[in-house]
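Structural description and commentary
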Amino acid sequence: MTSRTLYVMAAACAAAFIAPVSTLAAQTVAITGGKVYPVSGPPIENGTVLIKDGKIVAVGANITVPADAEKVDASGKWVTPGLVDAETQLGLVEVGFGAGANESRARSEQGITPDFTSWDGLNPRSVLIPPAREEGVTSVMSTPGGGLIAGQAAMIDLFGDTRAEMILRAPAAMIASIGDEGGDGAPAKGQQIAKLREILQDTRYYQKHVAEFDRGQSRQMPLNPGSLAALVPVLEGKVPLLINADQASDIQSAIDLAKEFGIKVIIGGGEEAWEVADRLAAAKIPVLAGAESNIPSSFSTLGARQDNVALLRKAGVEVALIGNGAGDESLFNVRNIRYEAGNAVGYGLSWNDALKAITQAPAEIFGVADKIGTLQAGHEANVVVWDGDPFEFATRAVAVYVHGKKQNDVSRQDLLTKRYEQLPPSYGKP
């Protein structure tokens, strides 16, 4: 395959992305009587969400419900869009079993694998998906990890039996990292940043000299043509570069790279992002950050604080919440994303901004706001009915719809609960 072919394939992929395949729920559903939070507008008392063939067709207070619609009485309930977690490894990493299944890391001596399309290893039947979906999470970013450039990530719906059914957008981001555990071949952060700059400069050269590459008349490049072609959409601004960085000085380096190359950058983690909030806002760089923990995990996170997200929003930075709690936040505990939002409210973020940070904001950041993140006509019917405030610990998701189809998940937790509902006859209290 020639470099020109790779270049054209990458450009076509970035322009069209993977075409999603919808498994339509051939039915009409009317969720009526609840307090509807469209996120894109004010709450609607006694509202109706009308769903047809997997799509939302109307949202409002005086919606005419067709006679043949399945009616869901949501009186006294809260109705929101399905929640979106902006940084997980769902579908790529499974529970520990033997050597374990891990499709999130490509093998590379230098830790630089931009041509790695992680979604090719996505498992639609991962046992870690139902626990998240049961708690109202209907879409996630599924991201590779490890190394300086880990590869390409996809935004997926937690729906369907095939990868094509799940994928909303791929690639949705190129994943890179600057930090204490950064690139395998560049342990010093200064060296990591210099390597990123060198790679982007090489990609710019490759972009302008594809024909010379094919004729063997180009200078030598450290990366293969497939890797360089995968980075072209980043330079063209069609795919954002998500840089995981926590220390304020490293985040500043990411801001500088964005300005130097004119590329779209997103900060992931961002434990000290509040220290450079004004500069992030001026550069229009969004941040993915959590709100459950302020315990430093390394010298790069000594400035961590739980009001990080509130301070970023106050400065005008677009923020999407991700898990930063103590355990398995990108896999089994993706379901905790609503508690991240609740904690963020406890530390100064407004309730409306918190809901936006787990629905509309991640959809906008990753280019799928025309499909998910709000309750609007024409969007995927990803809808959750709650029995109270979704940020409260005791609240439950009483109905979860993805693509208009009600989910009836049976997770491992459900099976364990069922198993031990009745104690064995020989059981005795200690």
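Please refer to the structure higher up on the page.
Summary of the structure given here. (Residues numbered from 1 in each chain as written. Predicted model: local features only at pLDDT ≥ 70, side-chain atom pairs only at ≥ 80, totals over all residues. Heavy atoms only, no water.)

Section: the packing of aromatic side chains
To be explicit about the condition: By convention, a stacked pair of Phe, Tyr or Trp rings (six-membered ring in the case of Trp) has centres within 6.5 Å and planes under 30 degrees apart, an edge-to-face pair has planes over 60 apart, and any other such pair is tilted. Think of it this way: any DSSP run of H or I at least four residues long counts as a helix, any run of E at least two long counts as a strand, and we number them from the N terminus. Each residue gets one of three labels from its accessible area relative to the maximum for its type: buried under 20%, exposed over 50%, partly exposed in between, using a 1.4 Å probe on protein chains only.
Following the criterion strictly, the structure yields six aromatic pairs and no others. On the numbers, 5.2 Å between centres and 50° between planes, the contact of tyrosine 37 with tryptophan 351 is tilted. Here tyrosine 37, found in the loop between β1 (28–36) and β2 (44–52), pairs with tryptophan 351, found in helix α11 (residues 351–357); they are 314 residues apart in sequence, far enough to count as distant. There is no split in this pair, since tyrosine 37 and tryptophan 351 are both buried. Residues tyrosine 339 and phenylalanine 393 carry aromatic rings whose centres are separated by 5.3 Å and whose planes lie at 35° to one another, so their mutual orientation is tilted. With tyrosine 339 in helix α10 (residues 337–346) and phenylalanine 393 in the loop between β14 (383–386) and β15 (397–402), this residue pair connects regions lying 54 residues apart in the sequence. The structure contains a cluster of three or more aromatic residues connected by ring pairs, namely Tyr37, Trp78, Trp351 and Phe391.

Regarding the layout of surface pockets
Unoccupied space between atoms shows up once a probe the size of one water molecule is rolled over them. For clarity, the cut-off: For cavity detection a 1 Å grid was placed over the protein atoms alone, and a set of points counts as a cavity when a 1.4 Å probe fits there but cannot get out; an open set counts as a pocket when protein lies on both sides within 12 Å along at least five of seven lines, with lining residues being those that have an atom within 4 Å of a point. Grid points are joined across faces, edges and corners, and a volume is the space filled by probe spheres set on the points. Throughout, the ten residues Ala, Val, Leu, Ile, Met, Phe, Trp, Tyr, Cys and Pro are labelled nonpolar, Asp, Glu, Lys and Arg are labelled charged, and all others, Gly among them, are labelled polar.
Its volume calculated, the second largest pocket comes out at about 370 Å³. In terms of lining residues, the second largest pocket is bounded by 25 residues, among which Pro240, Lys264, Ile266, Pro286 and Ile365 are the most central. Going through the elements one at a time, β9 (167–177), α7 (248–261), β11 (265–269), α8 (277–283) and α12 (360–365) are the ones with two or more residues in the lining of the second largest pocket. When the residues that make up the lining of the second largest pocket are grouped by side-chain class, the tally is 15 nonpolar, three polar and seven charged.

Here we look at the packing of helix α4 (residues 189–208) against helix α6 (residues 225–235)
Filter applied, for reference: Note on definitions: angles span 0 to 180 degrees between N-to-C directions of axes, and those axes are lines fitted to C-alpha atoms, for helices only across the stretch in contact. Between 65 and 115 degrees an angle is taken as roughly perpendicular, under 35 as roughly parallel, over 145 as roughly antiparallel, and anywhere else as oblique. A contact between two residues is defined here by any heavy atoms of the two lying within 4.5 Å.
Two elements in contact, α4 and α6, have axes whose closest approach is 9 Å; the angle formed by their N-to-C orientations is 95°. Taken together, the axes of α4 and α6 are roughly perpendicular relative to one another. In this structure, α4 uses Ile199, Leu200, Asp202, Thr203, Arg204, Tyr206 and Gln207 to contact α6, whose residues at the interface are Pro225, Leu228, Ala229, Leu231, Val232 and Leu235. Residue composition of the contact of α4 with α6, grouped by class: nine nonpolar, two polar and two charged.

Quick word on the pattern of salt bridges
In plain terms, the rule: Between Lys or Arg on one side and Asp or Glu on the other, a salt bridge is scored when a side-chain nitrogen of the former is within 4 Å of a carboxyl oxygen of the latter.
Across all of its chains, the model carries 12 salt bridges by this definition. In this structure, the salt-bridge partner of glutamate 45 is lysine 35, at a minimum N-O distance of 3.4 Å. Of this pair, glutamate 45 sits in strand β2 while lysine 35 sits in strand β1, placing them 10 residues apart in sequence. Exposure remark for glutamate 45: the relative accessible area of 52% places this residue in the exposed category. With a relative accessible area of 28%, lysine 35 lands in the partly exposed category. With its nearest N and O atoms 3.8 Å apart, the salt bridge here joins lysine 418 to glutamate 421. A single burial state applies to lysine 418 and to glutamate 421, both of which are exposed.

Notes on the sheet that holds β11
Operational definition: In short, DSSP must find at least two bridges between two strands for them to pair.
On the basis of which strands lie adjacent, the open sheet formed by eight strands has the order β6-β7-β8-β9-β10-β11-β12-β13 and mixed pairing. The open sheet has two free edges, formed respectively by β6 (83–88) and β13 (319–321), since each of these has just one partner strand. Sheet twist, expressed as the average angle between the axes of neighbouring strands with direction ignored, equals 25°. When strand β8 (residues 149–157) meets β9, the two strands line up antiparallel, connected through six bridges. The residue bridging alanine 153 from the neighbouring strand is alanine 173, located in β9. Relative to the sheet, α10 contacts β6, β7 (137–142) and β13, its axis offset from that of β13 by approximately 125°.

Notes on the pairing of strand β10 (residues 241–245)
Most of β10 sits inside the fold, with five of its five residues counted as buried. Side chains Leu241, Ile243 and Ala245 of β10 all project onto a buried face; the interleaved residues Leu242 and Asn244 project onto the opposite face, where all are buried too. The pairing of β9 with β10 spans four bridges and is classified as parallel. Paired with isoleucine 175 across the two strands is leucine 242, which belongs to β10. Relative to β11, β10 runs parallel, the two being bridged by five bridges. The residue bridging leucine 242 from the neighbouring strand is isoleucine 266, located in β11.

Some thoughts on the side chain of threonine 113
In this structure, threonine 113 sits in the loop between β6 and α2 (129–134). Apart from the residues lying within four places of it in its own chain, the contact partners of threonine 113 are Ala106, Arg107, Ser108, Ile149, Ala150 and Gly151.

Looking at unusual backbone geometry
Glycine aside, negative phi is the norm for most residues, and most peptide bonds take the trans geometry. The linkage connecting alanine 170 with the following residue, proline 171, adopts the cis geometry, with an omega of 0°. With respect to the secondary-structure elements, proline 171 resides in strand β9. Although it is not a glycine, aspartate 53 sits at a positive phi angle of roughly 50°. On the accessibility criterion, aspartate 53 (31% relative accessible area) is partly exposed.

Some words on the nonpolar core
Formally: Nine residue types can take part in a nonpolar core, namely buried Ala, Val, Leu, Ile, Met, Phe, Trp, Tyr and Cys, and a core is a set of them joined through side-chain atoms within 4.5 Å.
If you look at the biggest cluster of nonpolar residues, it comprises 88 residues, and the most contacted ones within it are Val265, Leu280 and Leu321. Setting aside residues no more than four positions away along its own chain, valine 265 makes contact with Leu241, Ile243, Ala254, Ala258, Ile285 and Pro286.

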